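# Residue-level structural notes
This is what each chain is made of:
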Amino acid sequence: IRHKNGYYVWVEMKGKNMYHNKLINGMIVMIRDISVRKLAEDEVLLSEQRFKGLVQSGADMISIIDEEGFVKYSSPTVMNVLGNDPQKDIGKNVFEFVHPKDIAWVKETFEKMLHNGTRQLYFGPYRFPNAKMEYRWLETVVTNLYDDPAVRGIVINSRDVTETKRLNEEQKALTEELIKNNQ
């Protein structure tokens, strides 16, 4: 409604029919300004929409796992990057999928992070299969948010770097060939 100073405010209105009461013979209406609450709700909604947009359409995959590596949440971007259904990832252990040549150091680094109380750590690159069971190279930032009541888990933010790794290896091979030819 319009406030007496000219600007509009959000209000909550409650009314009670009191026509049956001879002393009142009318409606009792209570109006309360809820503009601050409404602005806070709008702020939270916008924040949630922004977060949802980032998680669902970004280039990175975001998952939440427990301390043993079992998936509690996977973002829809897992489908875009790896072709996996994120809902089917829930309950699976991520360490079962890491390439056999990478699993030892990935798991060891992860466990050190937990035991040392490290909040955030970089992993990578390491190999992880896509839906076609072709290994892709991933880089990951792991953040321990068990103490955050909204998360209560370990956030895994991963990016596919397969193409970058391939180009780097091609460049390395070309450089080695040039050095050999120059010698």
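The preceding data block contains the structure.
Along each chain, numbering runs from 1 in the same order as the chain's sequence is written. Predicted model: local features are reported for residues with pLDDT of at least 70 only, side-chain atom pairs are reported and counted for 80 or more only, and whole-chain, interface and lining totals are derived from all residues. Derived side-chain values reflect all non-hydrogen atoms in the structure, with water molecules and hydrogen atoms excluded from consideration.

### Here we look at the sheet that holds strand β4 (residues 71–74)
Two strands in a sheet stick together by hydrogen bonds in their backbones, pointing the same way (parallel) or opposite ways (antiparallel). Across the sheet, which stays open at both edges, the five strands sit in the order β4-β3-β7-β6-β5 with antiparallel pairing between neighbours. Sheet topology places β4 and β5 (120–129) at the edges, where each strand pairs with a single neighbour. Between one strand and the next, the sheet's axes are offset by a mean angle of 25°, whatever the strand orientation. Pairing between strands is defined by DSSP: at least two bridges between the two strands are required. Segments assigned H or I by DSSP are reported as helices when at least four residues long, segments assigned E as strands when at least two residues long, and all are numbered from the N terminus. Sheet analysis places β5 next to strand β6 (residues 135–145), joined by eight bridges and oriented antiparallel. Note that in β6 the partner of Pro 129 across the bridge is Tyr 135. Residue contacts follow a heavy-atom distance rule, with two residues in contact if any of their heavy atoms lie within 4.5 Å. A fitted line through C-alpha atoms represents every axis, and for helices the fit uses only the stretch in contact; the resulting angles, taken between N-to-C directions, go from 0 to 180 degrees. Strands β3 (61–65), β5, β6 and β7 (153–160) of the sheet are contacted by helix α4 (residues 103–116), whose axis makes an angle of about 155° with β5.

### Describing the environment of Gly 53
With respect to the element layout, Gly 53 can be found in helix α1 (residues 35–57). What makes Gly 53 partly exposed here is its relative accessible area of 34%. Separated by 45 residues in the primary sequence, Gly 53 and Val 98 have C-alpha atoms spaced 28 Å apart. Relative accessibility under 20% of the residue-type maximum defines a buried residue, over 50% an exposed one, and the middle range a partly exposed one, all with a 1.4 Å probe and only protein chains included.

### Considerations on the pattern of salt bridges
Only one rule defines a salt bridge in this text: a Lys or Arg side-chain nitrogen within 4 Å of an Asp or Glu carboxyl oxygen. Inspection of every chain in the model, using the stated rule, returns 12 salt bridges. A salt bridge links Glu 12 to Arg 32, with the shortest nitrogen-to-oxygen separation between them at 2.2 Å. With a gap of 20 residues between them, Glu 12 in strand β1 (residues 11–18) and Arg 32 in strand β2 (residues 26–33) connect regions that are remote in the sequence. Among the residues examined, Arg 32 registers a relative accessible area of 47% and is labelled partly exposed. With a closest N to O distance of 2.9 Å, Asp 102 and Arg 127 form a salt bridge. Of this pair, Asp 102 sits in the loop between α3 (86–89) and α4 while Arg 127 sits in strand β5, and the two are 25 residues apart along the sequence. Here Asp 102 matches Arg 127 in class, with each residue buried.

### Remarks on α4
The terminal C-alpha atoms of α4, which comprises 14 residues, lie 20 Å apart, in line with the 20 Å expected from a rise of 1.5 Å per residue. Restricting attention to buried positions, one finds in α4 the residues Val 106, Phe 110 and Met 113. When α4 is viewed along its axis, its buried side chains cluster within an angular range of 60° and face the same direction. Opposite its buried face, α4 presents the exposed residues Ala 104, His 115 and Asn 116, each directed more than 90 degrees away. Turning to α4, the residues buried within the fold contact β3, β5, β6 and β7. In the segment just after α4, Gly 117 is the residue with positive phi, at about 75°. Multiply 1.5 Å by the residue count of a helix minus one, and that product is the helix's expected span. The directions from the helix axis to the C-beta atoms are what the arc is built from.

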